[in-house]
Structure formats: structure tokens, C-alpha cells
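What follows is each chain in one-letter form.
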Amino acid sequence: MKSDMFGKFNPEILLEFISRLMTILVGKEVMLTNKRTWTIIMINPYDPLKVLIKTSEGIIDLRVEKEWRIERIIG
């Protein structure tokens, strides 16, 4: 959806939809593309797919770790 944001869809409406959807996921476990499962602790309001993740070692910012993305929502 994000890649189509400036093509087929109204970008303001799509960004709002994604932001609201991601806000619901705070506190949920997700699997990243590195196959590790961690917990979302904060959503970036300017890029809702780039969240802060709580790990056993600390916090990961997906804006910085560009090679990782959310692959699956666990619960």
C-alpha cells in the first residue's frame, strides 16, 4: 500500500488509515524479517511503519535498522 500511496490512492487518507491501524498494534508482538519476535512500544507518527521495538537487549528503531521490516503480527 505504501508504494501505491502517491499513485492510486489519496495519500492523506491512506496515511491516516495506516497510522490508525498501527496505533492499535502498540504492545503487540511482531515478527521482523530477521525472524526475531519483539514487542512494538511506539509508533512514529510521520512514518507509522517504522516503529520502536523493545528487545531483551534494549530498543530498536526501525527508521535506523533499514534492513528489517515487520513481517507478521503475532499477537
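Data block above holds the structure.
Residues numbered from 1 in each chain as written. Predicted model: local features only at pLDDT ≥ 70, side-chain atom pairs only at ≥ 80, totals over all residues. Heavy atoms only, no water.

**Focus on the pairing of strand 1 (residues 29–32)**
Consecutive residues of a regular strand have side chains that alternate between opposite faces of the sheet.
Thinking step 1. Bridging between strand 1 and strand 2 (residues 37–42) involves 3 bridges; their strand directions are antiparallel. Within strand 2, the position partnered with Glu29 by the bridge is Thr39.
Thinking step 2. In this sheet, strand 5 (residues 70–73) lies alongside strand 1 in antiparallel orientation, the contact comprising 3 bridges. From the neighbouring strand, Met31 faces strand 5, where its bridge partner is Arg72. (Pairing = 2+ DSSP bridges. Helix = DSSP H or I, 4+ residues; strand = E, 2+ residues; numbered from the N terminus.)

**Some words on the nonpolar core**
Thinking step 1. Judged by nonpolar contacts, the single largest core of 13 residues is most densely connected at Met22, Ile40, Val51, Ile53 and Leu62.
Thinking step 2. In terms of residue count, the dominant contributor to this core is helix 1 (residues 11–23) (3 residues).
Thinking step 3. Excluding anything up to four places from it in sequence, Val51 contacts Met22, Ile40, Met42, Ile43, Ile60, Asp61, Leu62 and Ile70. (Core = buried A, V, L, I, M, F, W, Y, C linked by side-chain atoms within 4.5 Å. Buried < 20%, exposed > 50% of the residue type's maximum accessible area, 1.4 Å probe, protein only. Contact = heavy atoms within 4.5 Å.)

**Quick word on the sheet that holds strand 2**
Thinking step 1. Strands sit in the order 4-3-2-1-5 across an open sheet of 5 strands; the sheet is antiparallel. Across the chains shown, the open sheet's two edge strands, defined by having one partner strand only, are strand 4 (59–61) and strand 5. Looking at each pair of strands side by side, their axes are set apart by 45° on average, direction ignored.
Thinking step 2. As paired elements, strand 3 (residues 52–54) and strand 4 share 3 bridges and run antiparallel to each other. Bridge pairing links Leu52 to Asp61 in strand 4. (Axes fitted to C-alpha atoms, helices over the stretch in contact; angles between N-to-C directions.)

**Some details on the packing of aromatic side chains**
Thinking step 1. As enumerated under the stated definition, the model contains 1 aromatic pair in all.
Thinking step 2. On the numbers, 6.0 Å between centres and 50° between planes, the contact of Trp38 with Trp68 is tilted. Here Trp68 lies in the loop between strand 4 and strand 5 and Trp38 lies in strand 2, a separation of 30 residues in the sequence. (Phe/Tyr/Trp six-rings, centres within 6.5 Å; stacked < 30°, edge-to-face > 60°.)

**Considerations on the environment of Leu62**
Thinking step 1. Considering the arrangement of structural elements, one finds Leu62 in the loop between strand 4 and strand 5.
Thinking step 2. Each C-alpha atom of the pair Leu62 and Val51 lies 5.6 Å from the other, and the pair is 11 residues apart in sequence.
Thinking step 3. Not counting chain neighbours up to four residues away, the residues in contact with Leu62 comprise Leu32, Leu49, Lys50, Val51, Ile53, Trp68 and Ile70.

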